[in-house]
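The lines below spell out each chain.
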Amino acid sequence: MARMKFLVDAERCIECNGCVTACKNENEVPWGVNRRRVVTINDGVIGAEKSISVACMHCSDAPCMAVCPVDCFYRTDDGVVLHDKDLCIGCGYCFYACPFGAPQFPQAGAFGLRGKMDKCTFCAGGPEADRSDAEFKKYGRNRLAEGKLPACAEMCSTKALLGGDGDVIADIYRERVVRRGKGSEVWGWGTAYGPGKAGAAAGGKS
Amino acid sequence: MKRAALALAALAALGLAGCGESDQVVVYKQGKYQGKPDGRPWDSAPLAQEQRGGTWNKGDKSSWESALNARNLTQNEYKRIYNQ
């Protein structure tokens with residue numbers, strides 16, 4: 001049985017935010033809600049800057065499920081964590097429980113009104129008829145029922161973001177790491193141009 | 001006389017029906033999902049070919065999984081581009 005997961009390769013992510021845009025566009029996510037976002041650490045520090053794309057990680061033992069007072073979460077046969085917006089009371093417990101900050105709350109109303117929770121669905125819709133208008137309006141597109149993978153992963157230009165069956169994407173990532181090496185082997189002058197000094201051409205002229 | 005009794009009985013039944021009230025509150029069961037059941041992706045029919053979805057037999061989980069698996073492998077550019 002497939003167990004759907006995301007895997008982010010920090011060495012490849014170029015902080016283009018293509019995944020964020022793809023998600024927003026594919027699911028018509030409202031203003032103020034970001035199901036996916038790119039987080040950068042050591043911004044501007046050469047060699048130390050890393051970015052990763054973060055959304056719901058569809059945990060195997062999801063803390064949001066554990067703390068929800070109305071039990072509106074469920075896990076599909078493929079390991080995708082989804083929730084029923086008809087039951088959600090917008091309390092925000094899941095937001096505090098989630099280590100990734102995945103649950104989002106629309107705040108379009110007056111007095112800081114907190115709406116029903118919205119989060120990444122792994123492009124698997126929700127508890128409405130598959131590929132129906134009702135499902136699209138509440139949860140976004142159901143790409144899994146179209147035989148497709150999440151839009152963010154399929155759209156990623158550098159394939160830093162992999163999405164799909166955990167075993168398969170782990171194999172892809174493992175093969176990649178073995179081929180390219182790790183740490184400083186991955187980037188820098190030597191990797192790009194071969195051994196030799198920066199600025200010194202093969203013929204002795206710079 | 002009989003008609004009047006019947007009419008009265010029908011009226012009483014109608015009146016009582018008005019008093020009926022269905023539950024408007026969810027009965028919670030601790031730790032169990034309380035929402036609507038969700039469909040499974042392989043129970044949908046595949047998309048038309050020009051929409052570039054996967055191809056599987058409707059309702060067949062294993063064929064859906066193999067279609068998705070094939071799509072999943074296209075994320076490996078060593079295989080997709082260089083065919084190594």
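If you're wondering where the values come from, they're calculated on a predicted model, not measured in any experiment.

Conventions and cut-offs
- Residues numbered from 1 in each chain as written.
- Chains lettered and ligands numbered in written order.
- Predicted model: local features only at pLDDT ≥ 70, side-chain atom pairs only at ≥ 80, totals over all residues.
- Heavy atoms only, no water.
- Helix = DSSP H or I, 4+ residues; strand = E, 2+ residues; numbered from the N terminus.
- Buried < 20%, exposed > 50% of the residue type's maximum accessible area, 1.4 Å probe, protein only.
- Contact = heavy atoms within 4.5 Å.
- Areas by Shrake-Rupley, 256 points an atom, 1.4 Å probe, with all protein chains shown as cover.
- Salt bridge = Lys/Arg side-chain N within 4 Å of Asp/Glu carboxyl O.
- Lys, Arg positive; Asp, Glu negative; His and termini not counted.
- Polar contact = N/O pair within 3.5 Å; in protein donor to acceptor, adjacent residues only side chain to side chain.
- Expected span 1.5 Å × (residues − 1).
- Pairing = 2+ DSSP bridges.

**Structural notes on the overall build of chain B**
Then comes step 1: Looking only at helices and strands, one finds 3 helices and 0 strands in chain B.
Then comes step 2: The linear arrangement of helices and strands in chain B, starting from the amino end, is α-α-α.
Then comes step 3: By the burial criterion, 19% of the 84 residues in chain B qualify as buried.
Then comes step 4: Of the contacts formed within chain B by residues at least 6 apart in sequence, a portion of 0% connects residues at least 24 apart.
Then comes step 5: Carbon and sulfur atoms make up 56% of the accessible area of chain B, which totals about 6,600 Å².

**Some thoughts on the pattern of salt bridges**
Then comes step 1: Overall, the coordinates contain 21 salt bridges over all chains when judged by the stated rule.
Then comes step 2: Residues Lys 50 of chain A and Glu 11 of chain A are paired through a salt bridge, measuring 3.4 Å at the closest nitrogen-oxygen approach. Here Lys 50 of chain A is found in strand E3 (residues 50-54), whereas its partner Glu 11 of chain A is found in the loop between strand E1 (4-8) and helix H1 (18-27), with 39 residues between them in sequence.
Then comes step 3: Residue Lys 50 of chain A is classed as partly exposed on the basis of its relative accessible area, which comes to 24%.
Then comes step 4: The partly exposed category is assigned to Glu 11 of chain A, whose relative accessible area is 33%.
Then comes step 5: Taking the shortest distance from any N to any O, the salt bridge between Arg 40 of chain B and Asp 43 of chain B comes out at 3.6 Å.
Then comes step 6: Among the residues examined, Arg 40 of chain B registers a relative accessible area of 41% and is labelled partly exposed.
Then comes step 7: What makes Asp 43 of chain B partly exposed here is its relative accessible area of 35%.
Then comes step 8: Salt bridges sharing partners connect three or more residues here, namely Glu 26, Arg 141, Arg 143, Glu 146, Lys 148 and Glu 154 of chain A together with Arg 71 of chain B.

**So, the side chain of Lys 159 of chain A**
Then comes step 1: Take Lys 159 of chain A: it is sitting in the loop between helix H5 (151-155) and strand E6 (161-165).
Then comes step 2: Although Lys 159 of chain A lies buried, it forms no salt bridge, and the closest oppositely charged side chain, Glu 77 of chain B, sits 7.0 Å away as judged by the N-O distance.
Then comes step 3: Of the polar contacts made by the side chain of Lys 159 of chain A, one reaches the backbone oxygen of Glu 154 of chain A; its length is 3.3 Å.
Then comes step 4: With sequence-adjacent residues up to four places away left out, Lys 159 of chain A is seen in contact with Arg 12, Ala 153, Glu 154 and Arg 176 of chain A together with Gln 75 and Glu 77 of chain B.

**Considering helix H2 (residues 61-73) of chain B**
Then comes step 1: Between its first and last C-alpha, H2 of chain B extends 18 Å over 13 residues, near the 18 Å set by a 1.5 Å rise per residue.
Then comes step 2: Residues of H2 of chain B that are buried: Ser 63, Trp 64, Ala 67, Leu 68 and Asn 72 of chain B.
Then comes step 3: If you follow the buried residues of H2 of chain B, they end up packed against E1, E6 and helix H6 (166-180) of chain A.

**As for the side chain of Asn 27 of chain A**
Residue and element names in this part refer to chain A.
Then comes step 1: Looking at where Asn 27 falls in the secondary structure, it is placed in helix H1.
Then comes step 2: There is a polar contact of 3.0 Å between the side chain of Asn 27 and the backbone nitrogen of Arg 141.
Then comes step 3: Non-local contacts of Asn 27, meaning those with residues more than four positions away in its chain, are made with Arg 35, Cys 123, Phe 136, Tyr 139, Gly 140 and Arg 141.

**Here we look at the environment of Arg 176 of chain A**
Then comes step 1: In this fold, Arg 176 of chain A is placed in helix H6.
Then comes step 2: Those residues in contact with Arg 176 of chain A that lie beyond four places of it in its chain are Asp 9, Arg 12, Lys 159, Ala 160 and Leu 162 of chain A together with Gln 75, Glu 77 and Tyr 78 of chain B.

**Some thoughts on the pairing of E6 of chain A**
Residues and elements named next belong to chain A.
Then comes step 1: Counting buried residues in E6 gives 5 out of 5 residues, a clear majority hidden from the surface.
Then comes step 2: Here E1 pairs with E6 via 5 bridges, running antiparallel. When the bridges of E6 are listed, Val 8 appears paired with Leu 161.

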